[in-house]
Amino acid sequence: MTDAIDAYLDDLLVELHGRARDVRRILVEAEQHLRDAADEGVRAGLTADEATRQAVERFGSARLVARRFAAEAPPVLSRRFLGQAALALVLLGGVGLVAVGVSGGVAAGMGSAFGKTFVSGDSPDVVYTPARCAYFLEYYPGPTCEQAATAHHFDEVVFYRLAAGAAGLLALGGWWLARRRGWFGSEEVGLLPDGFVPTIGAAVFGLAAAGLLAQGVGQIVVDTSNGAGQYVSAGLVSLAVAAWFVRSLVHVLAARTGGSTLATS
Amino acid sequence: MRANLDARVLAALAGVPAHGYRVTMRLDAGVPEGTVYPVLHRLERDGLVRSAWRDVDGRRRRLYELTGAGATALDRLAAAAQARVHDTYRLRWSV
């Protein structure tokens, strides 16, 4: 069963910022203090519940205590803070590039299923200059200039995106290594706000999904399906990544508000 | 205000090491007890106090004690406080 002291320590943990070992020390000292104070209250004749309540009250609210620790701490823009911000950006950028790579795979699949024109075909009213046409036909021989242009664009859509995905994997590898080795102060607790990465990720990828899907679907409905697949493929992947970030954000918020899915004893 | 609390915390540690709860008991209330710990941690970072985990009455506790620099700082703060008291009385008697 969770008593008032455990509940207080949970609140304090959520409010505290700083290096993991400092936060752990603060929590241990706070618990010892509160249990000493409660024991003394019981010895003075209070009930256990009342002694605990008074001990917690005299200690000060978790937010106040955490604020005092923050006020006494070294400057906020420390190397560790900047390191964590950089790591968060590398994570977001890496996920973004990998998403681009995956959308290249999805575009390739759409090309197989619906034809390359759906992914990379130019609008029917596009006119190719003789020089441009000759260029396409040199690298993509075919019966028409339009088909050669479509094949050229298709390879660009698919392979450039796959290349971006490979760069994303490298970025995520660097991020993983930096965290594992503890570079840039990754042992810090709460230097960035809770849910910072999922919030930014959900917003950025959600907006990207909305824009890309609106462009792709709008093009199909209003004009032509030629080339719509490049937007739809990217939009669908963005939507999936946004949903993944939203799920992470919900978990963070649930943990913060005590809605953990872990069984309580 | 901050110097005053620093002086009180240093005075609470004068001569005898103590854990955080004991320090707050030696202080004459007036501040939420949990706010004494940020002061103790800062004084430790500043080299005026040192601390270590020790077994006390069968419990593992973080014991704080003054360093040499802390004792000097306490003397200086006490002298400054005494000088302020003298000034106050001198002003009062001179009216």
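Parameters and conventions
Residues numbered from 1 in each chain as written. Chains lettered and ligands numbered in written order. Predicted model: local features only at pLDDT ≥ 70, side-chain atom pairs only at ≥ 80, totals over all residues. Heavy atoms only, no water. Salt bridge = Lys/Arg side-chain N within 4 Å of Asp/Glu carboxyl O. Helix = DSSP H or I, 4+ residues; strand = E, 2+ residues; numbered from the N terminus. Buried < 20%, exposed > 50% of the residue type's maximum accessible area, 1.4 Å probe, protein only. Contact = heavy atoms within 4.5 Å. Buried area = accessible area lost by both parts, 1.4 Å probe. Polar contact = N/O pair within 3.5 Å; in protein donor to acceptor, adjacent residues only side chain to side chain. Nonpolar A, V, L, I, M, F, W, Y, C, P; charged D, E, K, R; others polar. Patch = residues over 30% accessible without salt bridge, like charges linked within 9 Å, V, L, I, M, F, W, Y side chains within 5 Å. Areas by Shrake-Rupley, 256 points an atom, 1.4 Å probe, with all protein chains shown as cover.

Some words on the pattern of salt bridges
In step 1: Considering all chains together, one arrives at 19 salt bridges over all chains under this definition.
In step 2: D36 of chain A is the salt-bridge partner of R61 of chain B, the closest N and O atoms lying 2.6 Å from each other. Note that R61 of chain B is positioned in strand β3 (residues 59–66) and D36 of chain A in helix α2 (residues 20–43), a pairing that runs across two chains. The pair R61 of chain B / D36 of chain A is uniform in exposure class, with both members buried.
In step 3: Notably, a salt bridge pairs R42 of chain B with D46 of chain B, separated by 3.9 Å at the nearest N-O pair.
In step 4: Taking the relative accessible area as the measure of exposure, R42 of chain B reaches 5% and is therefore buried.

Section: the interface of chain B and chain A
In step 1: The interface of chain B with chain A comprises 24 residues on the first partner and 20 residues on the second.
In step 2: In total, about 2000 Å² of surface goes out of reach between chain B and chain A, with carbon and sulfur atoms giving 51% of it.
In step 3: Broken down residue by residue, the surface that chain B buries against chain A is led by Y21, E33 and P38 of chain B, which jointly contribute 28%.
In step 4: Across the chain B-chain A interface, the total number found is six salt bridges.
In step 5: Between R25 of chain A and E44 of chain B there is a salt bridge, with its nearest N and O atoms 2.7 Å apart.
In step 6: The interface formed by chain B and chain A includes 16 residue pairs in polar contact (both at pLDDT 80 or more).
In step 7: Counting residues per element, the ones that place at least two in the side of chain B that touches chain A are α2 (20–26), α3 (36–45), β2 (49–56) and β3 of chain B.
In step 8: With seven residues, α3 of chain B is the single largest residue contributor to the side of chain B that touches chain A.
In step 9: Counted by class, the side of chain B that touches chain A contains eight nonpolar, seven polar and nine charged residues.

Concerning a nonpolar patch on the surface
In step 1: There is a patch of nonpolar side chains on the surface, built from V217, I220, V221 and V222 of chain A and spanning about 390 Å² of accessible area.
In step 2: Within the secondary structure, I220 of chain A is located in helix α9 (residues 196–223).

Things to note about the side chain of N226 of chain A
Residues and elements named next belong to chain A.
In step 1: Residue position: N226 is located in the loop between α9 and α10 (228–256).
In step 2: Looking at N226, the relative accessible area reads 14%, which means it is buried.
In step 3: Separated by 2.9 Å, the side chain of N226 and the backbone oxygen of D122 make a polar contact.
In step 4: When near neighbours in sequence (up to four residues on either side) are disregarded, N226 contacts T117, F118, G121, D122, P124, E146 and Q219.

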